[in-house]
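A closer look at the structure
Now for the letters of each chain:
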Amino acid sequence: MRFAVVQFPGSNCDQDCVHALRVLGQEPRIVWHQETTIHSDEGVILPGGFSYGDYLRCGAIARFSPIMQAVKAAADRGQVVVGICNGFQILCEAGLLPGALTRNEGLHFRCETSYLRVENPASRFTSHYLTGQTLRLPIAHGEGCYRAEPDVLQALEANQQILFRYCDAEGRVTRQANPNGSSLNIAGIRNLRGNVLGMMPHPERACEAEMGGTDGRGILLGAAGIGRPI
Amino acid sequence: MKPKEFALSLGLTEEEYGRIEKGLGREPNENELGMFSVMWSEHCSYKNTRRELKKFPTTGPAVLVKAGEENAGVVDAGDGLALAFKIESHNHPSAVEPFQGAATGVGGILRDIFTMGARPVAFMDALRFGRPEAKGEAGKRTRSLIKGVVEGISHYGNCVGVPTVGGELVLDPAYEGNPLVNVFCLGTLRHDQIRRGAAKGVGNPVFYVGAKTGRDGLAGAAFASRDLTEESKADRPAVQVGDPFVGKLLFEACLELYARPDLVVGVQDMGAAGLTCSTCETASRGGSGIEIELDRVPQRETGMTPYETLLSESQERMLIIVHKGREKELKEIFSRWGLDAAEIGYVTDTGRVVVKQSGKVVADVPARLLADDAPVYEREAKVPAKLAERQKLDLRKILPAQPRLKEDLLKIANSPATGSRRWIWNQYDHMVGLRTVVRPGGDAAVLRIEKPGGGWVHVAMTLDGNGRWCAQDPREGSKALVAEACRNLACAGAVPLGLTDNLNYGNPHDPEIFWQLREGVEGMAEACRAFDLPVTGGNVSLYNQSPAGPIHPTPVVGVVGKVEEGVKLVPGVFGSGLGVALLLGKSESGGLGASLYLQEVHGQIAGKPAPADLESEKRLHRLMRSVLKESGIRAVHDVGEGGILWALAEMTFGPESAGAEVDLPLGSKERVEEALFGEGGGRILLEVDEAAVTAIEHLAKEAGVGCRTIGRTGGNVLRVKCGGEDVSWEVRELRGMFEESLPRALES
Amino acid sequence: MKAIVTVTLKPSILDPQGEAVLHAVQGMGLKEVKSVRIGKHIELEIQGGDETTLKKKLEQISGELLSNPVMENFHLDLRTGG
Amino acid sequence: MKAIVTVTLKPSILDPQGEAVLHAVQGMGLKEVKSVRIGKHIELEIQGGDETTLKKKLEQISGELLSNPVMENFHLDLRTGG
Ligand SMILES: Nc1ncnc2c1ncn2[C@@H]1O[C@H](COP(=O)(O)OP(=O)(O)O)[C@@H](O)[C@H]1O
Ligand SMILES: [Mg+2]
């Protein structure tokens, strides 16, 4: 499967995603936000950055980009859609994932290495990992605090849609290990059908040892359907 | 108002007015005077400092674009790869509105870099404020300045997707009334992609691209006129608001435009003095003229006068000259990125900048007169009357009879002046772009840059300044900071390629201040020559003073270097397991003059900084680079502020919190405090495997550099013996203080 | 015509920025202030168009773009002749 | 008692956020919208205290803390019994 990496005005991790995918042997296609086609054999990546300056609310304006119709249609057809950081925010704004991402509890932008606990390896995005495995992935966001109504949170839990939670180096999901105040320490979720992933941490920044680690590879490979498919 | 009176009200002198009249051959009108007042200001013309700047060495085999030629200097990094970099200050705007002041500072330096044809890949920021833990209003104001400035840099830098990979923060009462915000940007390009800011080719169209023009920045020093001041102050904003979103679109669009073969003739950003500066500079560089029509300038506000349009400092705008017939391509690219692109004029051969509004000439000035013929002044310089007094240092009056090393180090560890800067760089995206190999927190940041033909070049960079050293001895202090910057690069195995400097001083009309500046420039120039290091550009920021007095003389240097082939990068902190601690370089401390120790522990700034020994520094740096090619090197950190003891403490602040047990040399006439806290340069600490020691000793001997085994690393205690003293600290305790001191001070 | 859209956080959603301002306000001596909530005040200048259609369109945009129904409420105030 | 402080940018200060929203709104078909400016809507809940003193204090805080006088204006609206 090939990835289409969507470029919104203000995206700034698009080239990083392309680079990481190339490191993993993929050759993605860059898709400008004004385009209207996602091919039926493509997966979609909505990369990080500040689409439309993140003005108003992160992802609020990007959601109305022409390409988003096609992304929605692709998701509805069951194609893979991955939203990373700003991409996650866009997916929530667009209603492809439930909930919303709000200002970090500490009110600061945070760029650092976070630890994630893999909650559910029975998903294509986590198939390279084991339950409870701890991953080291960078975060870089000012609005990554996941919020949803209590019933939505319950449903996420019940349906095992929470794929990653912030934890400490030992894998303990604690309040202290939560960098942004997210409900239930949520770092990444999938939709019910299992083809849409949204996560605040950046797997594309963790695909090469020189960049500080390779824990993110499995997520991108899994999304591409490579390696341990389920 | 008569033209002459108007000129004086704009800050031009009588003599300058005469010069303008003579150059024009007639009375200038108000628009023209406005243009001269900004172009001939210190900020744009360097009229007070140009003679001094000439003292810098600016040539060398690696220099592709020299200082002063274009918006930023460019150096060769090998393999067809070039690096453009420069530093810029935004001190006064940040004092008024810290968030927007700092943000627009980032935007400004960003434009200087992509104007050169380079893709911006890294920022660094050098910040100076008063003490955040100060009581009362002063502390409150400082805290809000720090928070605002850091947020502003974070806002702009993160949004444009250029990582901020390093910088400095200095907290000293000398900056309380006048903070310093200096921002550095580095860009990468191929040799054949270098762009020039010259308007050439008669008839070629001149485009205005980017954000619309408003009345931003008009209430600055250059703004004053009877007609205009009658309007309400409310809509005359001195505060420029940056739009990083448009900044990002602008550089992507420009880079896309440059990639089209033979399309662009010249580019120039609109920074200070906006349209005025960009038209007259491009015309002057091209030996041509430019004619523009102001009605075609995209405007955000209605009813702007020619004066306002010409002098507006609205952000995120560029001037681009393309080959005739290629207009459509430019328009297509900019419209795709959702940006305005307006053809506002064309290149002429008259040598004049002619400005029209609604077809009527509103200004007509020789480009060279405006851009290059500003007067140059020789300012008076005088040794400060109190300098000799301040340089005296009698340690017997300051130090206690019995050393109190234990407390001394705790005091330093607990001070926000030395605490971890994590609170700052966690707010900066320092990883975006996938180039940051060595992240903030160490001696130098290292980026990997893709070579034109594939593969990576590793580039190291650092910002350094030390106002305290320079206050006590501007010449030696400036030399020492260049040496320190080069030493930082050596710790990353890099050979310095070029230096950019920001000269932050007080009012140059004060002879004592001008003396500081001249000494500073001469000291830096001497050090640069010693290191074969060309100055490729920089910035001057004067008048940094408040009613409480001038700031410390504060030159800040940014040095960029290339990591040598074969070097293995190592962290600046001890790893796990047991290793050997080595000290490379001098065994003398250089004494406590102008030291952080005296300021933080004894509340005094006294004495002279240790003079830099440039020859031995060079040998040390060369040795360091070859040592880093050996195996078994675990950690490297240079000795700087806080002396060898603080450098050791910093090395224990790694993820492992590993300690060390060392025996440190004491000079024959030294007090133990001097040995431990003296800031003399020329020293580097290493942690190595036992097995590597012999090879390093051998290399050091060959290089003629001292190498001494001072102890062992490991454990959870830092234990130091020196001159009969034997003191230990719990690493965890020190580290806790180090991590907490700055955030705590900011929350107070 | 002018439209003013006020966007406020739903009561159940935490407002950390409001909390921070609350502390600062209390710190400045205003102990009587018990809570602070921060929302958005959006002013749109409108020229021409039919008022009824506009109003409908503005309601829609306020709900879809200007506010996020997951966490915010909005109030639309149309002012003619403003 | 409730205080509502509306903080708006001074007219000639650039509002990048408003610009971006303007484009989006126009892109969604509302061509009649000619300008968008975004400010803050701050609600303070107040209990007790003397109204005149409070008002003075609130004015001060609105000017010093809630808005930045070099680029913003504010409007204070005190609502008793709200
Ligand atoms: N301190 C300095 N040392 C060397 N060159 C300098 C210094 N200050 C300014 N320059 C050079 O003078 C030229 C004009 O600088 P400047 O007016 O700051 O550019 P800008 O218009 O981008 O602000 C630049 O090439 C700059 O590098
Ligand atoms: Mg410039």
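Overview of the structure. Just so it is clear, the structure is predicted and the values come from calculations on it, not from any experiment. (Residues numbered from 1 in each chain as written. Chains lettered and ligands numbered in written order. Predicted model: local features only at pLDDT ≥ 70, side-chain atom pairs only at ≥ 80, totals over all residues. Heavy atoms only, no water.)

Describing the overall build of chain B
Of regular secondary structure, chain B possesses 27 helices and 28 strands. At 26 Å, chain B has a C-alpha radius of gyration in line with the 27 Å of a compact globule built from 748 residues. For the C-alpha atoms alone, the extent of chain B along its principal axes is close to 85 × 55 × 40 Å. Taking all 748 residues of chain B together, 65% fall into the buried category. (Helix = DSSP H or I, 4+ residues; strand = E, 2+ residues; numbered from the N terminus. Rg over C-alpha atoms; globule rule 2.2 N^0.38 Å. Buried < 20%, exposed > 50% of the residue type's maximum accessible area, 1.4 Å probe, protein only.)

Section: the overall build of chain A
When helices and strands are counted, chain A shows five helices and eleven strands. In terms of overall size, chain A behaves like a compact globule, its C-alpha atoms giving a radius of gyration of 16 Å where 230 residues would be expected to give roughly 17 Å. Of all 230 residues assigned to chain A, the portion counted as buried reaches 66%. Intrachain contacts of chain A at a sequence separation of at least 6 include 75% that bridge at least 24 residues. A total of about 7,700 Å² of accessible surface is found on chain A, and carbon and sulfur atoms cover 47% of it. Mean positive and mean negative side-chain charge positions of chain A (21 and 22 charges, respectively) differ by 3 Å. (Contact = heavy atoms within 4.5 Å. Areas by Shrake-Rupley, 256 points an atom, 1.4 Å probe, with all protein chains shown as cover. Lys, Arg positive; Asp, Glu negative; His and termini not counted. Charge placed at Lys NZ, Arg CZ, Asp CG, Glu CD.)

Some details on the coordination of the magnesium ion (ligand 2)
Residue and element names in this part refer to chain B. Those protein atoms acting as donors to the magnesium ion (ligand 2) are Asn 71 (OD1) and Asp 112 (OD), and they sit at 2.2 to 2.4 Å. Pair noted here: Asn 71 is in the loop between β1 (63-65) and β2 (73-78) and Asp 112 is in helix α7 (residues 98-115), with a separation of 41 residues, a long-range link. In this pair, the class of Asn 71 matches that of Asp 112, namely buried. (Donors = N, O, S within 2.8 Å, 3.2 Å for Na, K, Ca; no water.)

Some remarks on the site of ligand 1
Residue and element names in this part refer to chain B. Taken together, 16 residues lie around ligand 1, and Tyr 46, Glu 70, Asp 112, Asp 501 and Gly 538 are the ones closest in. Glu 88 places a side-chain nitrogen or oxygen 3.2 Å from an oxygen atom of ligand 1. One of the side-chain N or O atoms of Asp 501 is found 2.5 Å from a nitrogen atom in ligand 1. Against a free-state accessible area of 550 Å², the protein chains account for coverage of 87% of ligand 1. Counting only elements with at least two residues in the shell around ligand 1, the list comes to β3 (81-89), β17 (494-504) and β18 (535-541). Counting residues per element, the shell around ligand 1 draws most heavily on β18, which supplies five residues. Residue classes in the shell around ligand 1 are distributed as six nonpolar, five polar and five charged. (Near = heavy atom within 4 Å. Polar contact = N/O pair within 3.5 Å; in protein donor to acceptor, adjacent residues only side chain to side chain. Nonpolar A, V, L, I, M, F, W, Y, C, P; charged D, E, K, R; others polar.)

What about the pairing of β18 of chain B?
Two faces make up the sheet, and in a regular strand the side chains alternate between them. Taking burial as the measure, the seven residues of β18 of chain B include seven buried ones, the bulk of the element. Crossover connection from β17 of chain B via helix α21 (residues 511-530) of chain B to parallel β18 of chain B: handedness right-handed. (Right-handed = clockwise from strand over helix to strand, strands pointing away.)

Comments concerning the interface of chain C and chain D
The interface of chain C with chain D comprises 33 residues on the first partner and 34 residues on the second. When the buried surface of chain C facing chain D is broken down by residue, Met 28, Leu 30 and His 41 of chain C rank first, second and third, together holding 21% of it. Counting every contact that joins chain C to chain D gives zero salt bridges. Elements represented by at least two residues in the side of chain C that touches chain D include exactly β1 (2-9), α1 (16-27), β2 (33-46) and α2 (51-66) of chain C. At 14 residues, β2 of chain C tops the list of elements feeding residues into the side of chain C that touches chain D. Tallied by class, the residues present in the side of chain C that touches chain D amount to 16 nonpolar, nine polar and eight charged. When β2 of chain C meets strand β2 (residues 33-46) of chain D, the two strands line up antiparallel, connected through 13 bridges. Residue Ser 35 of chain C lies in a different strand from β2 of chain D, and its bridge partner there is Glu 45 of chain D. (Buried area = accessible area lost by both parts, 1.4 Å probe. Salt bridge = Lys/Arg side-chain N within 4 Å of Asp/Glu carboxyl O. Pairing = 2+ DSSP bridges.)

Considerations on the arrangement of the chains
Summarising the chain contacts, five pairs of chains touch, and the pair with the most contacts is chains C and D. At the C-alpha level, the nearest point of chain B lies 11 Å from chain C, with no contact between them.

Topic: the side chain of Asp 216 of chain B
Residues and elements named next belong to chain B. Tracing the chain through its elements places Asp 216 in the loop between β7 (205-210) and α9 (226-229). On the basis of relative accessibility, which here comes to 1%, the residue Asp 216 falls in the buried class. Engagement of the side chain of Asp 216 in a polar contact is seen with the side chain of Arg 300, the distance being 3.1 Å.

Focus: the interface of chain B and chain D
Between chain B and chain D, the residue contacts involve 14 residues of the former and eight residues of the latter. Each partner contributes to the roughly 1,000 Å² buried at the junction of chain B and chain D, and carbon and sulfur atoms together form 67% of this total. Summed over the shared surface of chain B and chain D, the result is zero salt bridges. Between chain B and chain D we count two residue pairs in polar contact (both at pLDDT 80 or more) in total. Partitioned by chemical class, the residues of the side of chain B that touches chain D number five nonpolar, two polar and seven charged.

Quick word on the pairing of strand β24 (residues 660-663) of chain B
All names here are of chain B. Every second residue of β24 is oriented toward a common face, the buried set being Ala 660 and Val 662 and the non-buried set Glu 661 and Asp 663. Sheet topology note: the β24/strand β27 (residues 717-722) ladder contains four bridges and is parallel. Within β27, the position partnered with Ala 660 by the bridge is Leu 718.

A few points about the nonpolar core
Grouped burial of nonpolar side chains is what soluble globular proteins tend to show. One finds Tyr 146 and Phe 164 of chain A together with Ile 320 and Phe 334 of chain B to be the most contacted residues of the largest nonpolar core, which totals 155 residues. If you tally residues by element for this core, the top one is helix α10 (residues 244-259) of chain B, at ten residues. In contact with Ile 320 of chain B, other than residues within four places in its own chain, are Pro 205, Val 206, Phe 207, Val 209, Cys 254, Leu 257, Val 264, Gly 266, Val 267, Leu 330 and Phe 334 of chain B. If you look at the next biggest cluster of nonpolar residues, it comprises 65 residues, including Ala 525, Phe 531, Leu 542 and Leu 582 of chain B. (Core = buried A, V, L, I, M, F, W, Y, C linked by side-chain atoms within 4.5 Å.)

Side note on the relation of the copies chain C and chain D
Mapping chain C onto chain D is achieved by rotating through 180° and translating by 0.0 Å along the same axis, at an RMSD of 0.2 Å. The superposition of one copy onto the other is thereby described by a two-fold rotation axis. (Least-squares fit on C-alpha atoms with pLDDT ≥ 70 in both.)

A few points about the state of the cysteines
As used in these notes, a disulfide is a covalent bond between sulfur atoms, one from each of two cysteines. By the definition in use, this model includes zero disulfides over all chains. No disulfide involves Cys 145 of chain A; its sulfur sits 12 Å from that of Cys 92 of chain A, the nearest cysteine. The closest cysteine sulfur to the non-disulfide-bonded Cys 185 of chain B is located on Cys 254 of chain B, 14 Å from its own sulfur. A relative accessible area of 0% means that Cys 185 of chain B is categorised as buried. (Disulfide = S-S within 2.5 Å.)

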